[in-house]
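# Chain and residue survey
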Amino acid sequence: MMPEPPSPSGPTLKERLKERMESLGALSVMTGQVFSRAVRPPYDVAGLIFHTESLGVRSLPIALLTATFAGLVISLQFGYFLARFGVQYTVGRVVILTLFRELAPVLTALTVGARIGSGIAAELGSMTVTEQVDAIRALGADPLRKLVVPRVFACLIVMPVLTVFSDVVGLIGGALVVRSQYGISLDQFFQGALDAVLMGDFLSGVIKGAVFGLIIGLVGCFKGLAVEGGTEGVGRATTQTVAITSVSVCLSDFFITKITLYF
């Protein structure tokens, strides 16, 4: 009896790296195509409004819930540590700067972005495997203009708006927990917060939200249109979208912070 041939090994490191670089190049090309189509009429205003509502308004509860508990936790923590030095009255300054510059945009992107990105990837992936995208091409329409542009720009709009809502809700939650735990009045909390914050601190978080929204929309659309292998491929694309957007948000956060640190 002849021995069974050895099972083929998986892709080598070089092959995986080549595949990743090709995907990055394809994503860059798609990004350029999306923006080139977005600036040329006709403009799909109805599609933009629809996706803004479906991606943004329906994500508002999870964004506000995340921001509320973020404000509660950081106020509780900073109030406790600042009380050791007898300066717990400055907790409002620390909370507002932490929320505006870092926690609100990043946590919103990680929680809401996972929902939005995976939803886009699953929706477009299902259309890809059922050949609906090919049908759009057969009818003479452009899938990027029809499917991708409104979703990407909806993400670009909703993420900064959700970040602002998270700022407000997180600050209110922090003020309430500080008042109940450390006896600091709401007036003292908000007065200290407003004295410390600058417009650049607020704009830093808004800029981060816009960049994160762009990343989420582009990655979700790219993975959805690149699905292969039927429904199993849709599941893989959804999982990969969550992983890639989470890593990309954390990575881009460092560089944006470096750029906006001196605003």
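On a predicted model such as this, the values are computed, not experimentally measured, just so you know.

Once that is clear, we can look at the overall build of the protein chain. Each helix and strand counted, the protein chain has nine helices and zero strands in total. When the helices and strands of the protein chain are placed in sequence order, the string is α-α-α-α-α-α-α-α-α. The buried share of the protein chain, taken over its 263 residues, is 41%. A fraction of 84% describes how many contacts in the protein chain between residues 6 or more apart in sequence connect residues 24 or more apart. Across the protein chain, the mean location of the 20 positive side-chain charges is 4 Å away from that of the 18 negative side-chain charges.

Below, the discussion takes up helix H6 (residues 143–182). Taking 1.5 Å per residue, 40 residues should reach 58 Å; H6 reaches 56 Å between its end C-alpha atoms and fits that length. The sharpest bend along H6 comes to roughly 30°, located at Val149, with the proline Pro150 sitting one to four residues further on. Its side-chain oxygen at 3.1 Å from the backbone nitrogen of Leu144, Asp142 defines the N-terminal cap of H6. Backbone geometry just downstream of H6 places Gly183 in the positive-phi region, at approximately 70°.

This next bit is on the UniProt feature "transmembrane region" (unreviewed entry) in the protein chain. Mapped onto the present numbering, the UniProt feature "transmembrane region" (unreviewed entry) falls at residues 60–83, 152–178 and 198–222. What you have in residues 152–178 is 100% helix and 0% strand, and the ends, taken at the C-alpha atoms, are 39 Å apart. Within residues 198–222, the helical portion is 96% and the strand portion 0%, while the C-alpha atoms at the span's ends are 37 Å from each other.

The tally for this structure, following the rule as stated, stands at one cavity of 30 Å³ or more. If you trace the largest cavity, you find it lined by Ala63, Thr66, Ala67, Ala70, Leu99, Leu103, Ala104, Leu107, Thr108 and Ser166. Broken down by element, the lining of the largest cavity gets its largest block of residues, five residues, from helix H4 (residues 91–129). Taken together, the residues that form the lining of the largest cavity break down as seven nonpolar, three polar and no charged.

With that settled, consider a nonpolar patch on the surface. On the surface, Val168, Ile172, Leu176 and Leu186 cluster together into a nonpolar patch covering about 320 Å² of accessible area. Here the nonpolar patch gets three residues from one element, more than from any other, and that element is H6. Positionally, Leu186 belongs in helix H7 (residues 186–196).

What follows is about the layout of surface pockets. Rolled over the atoms, a probe with the dimensions of a water molecule shows which regions are left empty. Quantified by volume, the largest pocket comes out at close to 710 Å³. What lines the largest pocket is a set of 19 residues, among which Ser23, Phe222, Lys223, Gln240 and Ile244 lie closest to the centre. Elements that contribute at least two residues to the lining of the largest pocket include exactly helix H1 (13–38), helix H8 (199–225) and helix H9 (230–260). Sort the elements by how many residues they give to the lining of the largest pocket and H9 lands first, with six residues.

According to the stated counting rule, one finds nine salt bridges in the structure shown. In this structure, Glu102 engages Lys208 in a salt bridge whose closest nitrogen and oxygen atoms are separated by 2.9 Å. Residue Glu102 is found in helix H4, and its partner Lys208 is found in helix H8; the two are separated by 106 residues along the sequence. We classify Glu102 as partly exposed; its relative accessible area is 27%. Judged by relative accessible area, Lys208 falls into the buried class, the value being 1%. Ionic pairing is found between Lys208 and Asp253, a salt bridge with its closest N-O pair at 2.8 Å. Taken together, the residues span a long stretch of sequence, with Lys208 in helix H8 and Asp253 in helix H9 at a distance of 45 residues. We classify Asp253 as buried; its relative accessible area is 10%. Salt bridges here are not isolated pairs; linked through shared partners, they connect Glu102, Lys208 and Asp253.

The subject of this paragraph is H7. Counting along an α-helix, one turn takes 3.6 residues, and residues three or four places apart therefore face a common direction. Of all the positions in H7, only Phe189, Gly192 and Ala193 are classed as buried. Buried residues of H7, seen end-on, are gathered within an arc of 100° and therefore sit on one face of the element. In H7, the exposed positions angled more than 90 degrees off the buried face are occupied by Asp187, Leu194 and Asp195. Along its buried surface, H7 packs onto H4 and H6.

Taken as a whole and judged by the stated rule, the model has five aromatic pairs. Summarising the aromatic geometry, the rings of Tyr80 and Phe81 are spaced 5.3 Å apart at their centres and angled 75° between planes, so their arrangement reads as edge-to-face. According to the relative accessible area criterion, Tyr80 is partly exposed, its value standing at 45%. Relative accessible area serves as the criterion here: at 38%, Phe81 is assigned to the partly exposed category. Where Phe100 meets Phe202, the ring centres are 5.9 Å apart and the plane angle is 65°; that geometry is what we call edge-to-face. Within this pair, whereas Phe100 is found in helix H4, its partner Phe202 is found in helix H8, the two being separated by 102 residues in sequence. For Phe100, a relative accessible area of 11% translates into the label buried. A relative accessible area of 25% places Phe202 in the partly exposed class.

How each quantity is defined
- Residues numbered from 1 in each chain as written.
- Predicted model: local features only at pLDDT ≥ 70, side-chain atom pairs only at ≥ 80, totals over all residues.
- Heavy atoms only, no water.
- Helix = DSSP H or I, 4+ residues; strand = E, 2+ residues; numbered from the N terminus.
- Buried < 20%, exposed > 50% of the residue type's maximum accessible area, 1.4 Å probe, protein only.
- Contact = heavy atoms within 4.5 Å.
- Lys, Arg positive; Asp, Glu negative; His and termini not counted.
- Charge placed at Lys NZ, Arg CZ, Asp CG, Glu CD.
- Expected span 1.5 Å × (residues − 1).
- Bend = angle between axes of the 7 residues up to and from the residue.
- Polar contact = N/O pair within 3.5 Å; in protein donor to acceptor, adjacent residues only side chain to side chain.
- UniProt positions renumbered as here; feature names shortened; annotations may be inferred.
- 1 Å grid on protein atoms, 1.4 Å probe; cavity = no way out; pocket = protein on both sides within 12 Å on 5 of 7 lines; lining within 4 Å.
- Points joined across faces, edges and corners; volume = space filled by probe spheres on them.
- Nonpolar A, V, L, I, M, F, W, Y, C, P; charged D, E, K, R; others polar.
- Patch = residues over 30% accessible without salt bridge, like charges linked within 9 Å, V, L, I, M, F, W, Y side chains within 5 Å.
- Areas by Shrake-Rupley, 256 points an atom, 1.4 Å probe, with all protein chains shown as cover.
- Salt bridge = Lys/Arg side-chain N within 4 Å of Asp/Glu carboxyl O.
- Arc of directions from axis to C-beta.
- Phe/Tyr/Trp six-rings, centres within 6.5 Å; stacked < 30°, edge-to-face > 60°.

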